[in-house]
Amino acid sequence: MTDEKDCGNHEGNGWWKLLNRHTKVIIISSLIFLSIILFVILLIFLILRPSKPCFTLQDVNLYTFNLTTTLTSYLQITISSRNPNLRIGIDYDKVDVYASYRNQQITLPTRLPPTYQGHKEVTVWSPYLNGTEVPMAPYLAMALAEDETSGTVLINVRATGRVRWKVGTFVSGRYRLNVNCPAYIMFENNNVDGSAVKYQFVEGCHVEV
């Protein structure tokens, strides 16, 4: 039994024994150097402690908001993001923006262009959001009609996607981004169809990373 075990260990370590001393030194030195570099990068990243970006909904241009048995809406929003970090950049990757009413999505998602945001920088996007004849659950259609009649409708502008932190040449893995911006839309008539109505906001958004 002892001989078989020794034979197995010999076969498992055979490739290492075939290497000359110089090659072994290079391999070990490279592994140690790589470990030190990764440790330093991780240590710097932990010390800097990246803060999540700050989003603000600035305005909404409402072109169409027409509720019948379905909902058709067309709007343009202006949303900004500020990187609060002094030494960390942010990569925005595959971020989609859409509008919702009481947790039901009412427009198609609009993809924002990939964006790198430097230290303390502010980035502004103005995407168009469109939803054509979106089916509404009966209770939601009734609630929306009541809100329109009362003159105020709460729409949530949401953004979902991925972000990565960048420190020097180091780029982190992707982190999930969720943004929720409330927008209180005032209605004089039940529907908007035609001329744009602009609503100014300086609303801070809830951000999760």
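Residues numbered from 1 in each chain as written. Predicted model: local features only at pLDDT ≥ 70, side-chain atom pairs only at ≥ 80, totals over all residues. Heavy atoms only, no water.

Draft legend 1. Region of interest: the packing of aromatic side chains. This model, assessed by the stated rule, comprises 8 aromatic pairs. For the pair Phe-55 and Tyr-92, a centre-to-centre distance of 6.2 Å together with 85° between the ring planes defines the contact as edge-to-face. Note that Phe-55 is positioned in strand β1 (residues 54-67) and Tyr-92 in strand β3 (residues 89-101), a separation of 37 residues in sequence. Like Phe-55, the residue Tyr-92 is buried in the burial classification. By the ring-pair criterion, three or more aromatic residues cluster together here, those being Phe-55, Tyr-92 and Trp-125. (Phe/Tyr/Trp six-rings, centres within 6.5 Å; stacked < 30°, edge-to-face > 60°. Helix = DSSP H or I, 4+ residues; strand = E, 2+ residues; numbered from the N terminus. Buried < 20%, exposed > 50% of the residue type's maximum accessible area, 1.4 Å probe, protein only.)

Draft legend 2. Quick peek at the side chain of Gln-104. Inspection of the secondary structure assignment puts Gln-104 in strand β4 (residues 104-105). For Gln-104, a relative accessible area of 17% gives the class buried.

Draft legend 3. The arrangement of the nonpolar core in detail. Judged by nonpolar contacts, the single largest core of 43 residues is most densely connected at Phe-55, Leu-57, Ile-77 and Ile-185. Only β1, β2 (70-82), β3, α4 (138-150), β9 (152-167), β11 (175-186) and β12 (192-204) provide two or more residues apiece to this core. It is β9 that contributes the most residues to this core, 7 residues altogether. (Core = buried A, V, L, I, M, F, W, Y, C linked by side-chain atoms within 4.5 Å.)

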